[in-house]
Amino acid sequence: MPGRLFLTTPLDAIAQHFGATPTVPPSPPRFNVAPGQDVFVCTAAREIVTMRWGMIPVGRVNARGRPVMETIINARSETVFQKSAYEGTSRAIVPADGWYEWTGRARHKTAWRIAPKGGGLLAFAAICDVWAGPGGTSVHQVATVTCPPSPDVIKIHDRMGVLLDPEHVETWLADDEAAAATLMRPYPKGRLVVREAKGVDWTAP
């Protein structure tokens, strides 16, 4: 959807891929990136930064007018430009070498590894902003954008992340909403490989 990511491409290669400047130190390969952890993000300024994966929408309140603290890791493409919860967000990209999904019953689930055919980086369309927390703290936060699944992944999940081709990166980061909206569609058939994920330490970051 994605629910977990993996990223083994070195930071300098990520920066080169997006024509961006890294502003954070490198990190070792990560085979199990979970919501709530920091992820690399390519911003509209073409900088590679880190942000928390999971957004507390700015200004979101419940029926009593109290702030909603629920963390959103994936924003639906159908409403990302309409919901007031996402007002004021910026567009960004979360790089990854792939992601995981699960099928089956509780305690008997099968983990699946999804990656591009032939390898290489994926560019997840995302939105980001800064959450003002208690005591004057601020947290840079990001959520990936989802759409209906491609034929490659439809058997294991009913949603997938919006994946951007290199020629569409600038449109997503810098063009208007109408142009960006045309990119929020399932990835073309045959470009992703789905295999059972074996030997992954799900307790490791």
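Right above here is the structure, for reference.
Here's a quick rundown of the structure. (Residues numbered from 1 in each chain as written. Predicted model: local features only at pLDDT ≥ 70, side-chain atom pairs only at ≥ 80, totals over all residues. Heavy atoms only, no water.)

**A word on the layout of surface pockets**
In this model, the largest pocket occupies a volume close to 180 Å³. Along its surface, the largest pocket is lined by 15 residues, and F6, T8, F31, Y100 and R113 are the ones closest to its centre. At 3 residues, strand β9 (residues 110–116) tops the list of elements feeding residues into the lining of the largest pocket. Grouping the amino acids of the lining of the largest pocket by side-chain chemistry returns 7 nonpolar, 4 polar and 4 charged. Taken as a whole, the second largest pocket holds about 150 Å³ of empty space. Considering the residues around the second largest pocket, the lining is formed by V80, F81, Q82, K83, Y86, E87, T89, S90, R91, I127 and E177. Looking at the lining of the second largest pocket residue by residue, the class counts come to 4 nonpolar, 3 polar and 4 charged. (1 Å grid on protein atoms, 1.4 Å probe; cavity = no way out; pocket = protein on both sides within 12 Å on 5 of 7 lines; lining within 4 Å. Points joined across faces, edges and corners; volume = space filled by probe spheres on them. Helix = DSSP H or I, 4+ residues; strand = E, 2+ residues; numbered from the N terminus. Nonpolar A, V, L, I, M, F, W, Y, C, P; charged D, E, K, R; others polar.)

**Brief notes about the environment of P148**
Its location among the elements puts P148 in the loop between β11 (138–147) and β12 (160–161). Its relative accessible area of 36% is what places P148 among the partly exposed residues. Ignoring sequence-local partners within four residues, the contact set of P148 consists of E78, D158, R159, M160 and P186. (Buried < 20%, exposed > 50% of the residue type's maximum accessible area, 1.4 Å probe, protein only. Contact = heavy atoms within 4.5 Å.)

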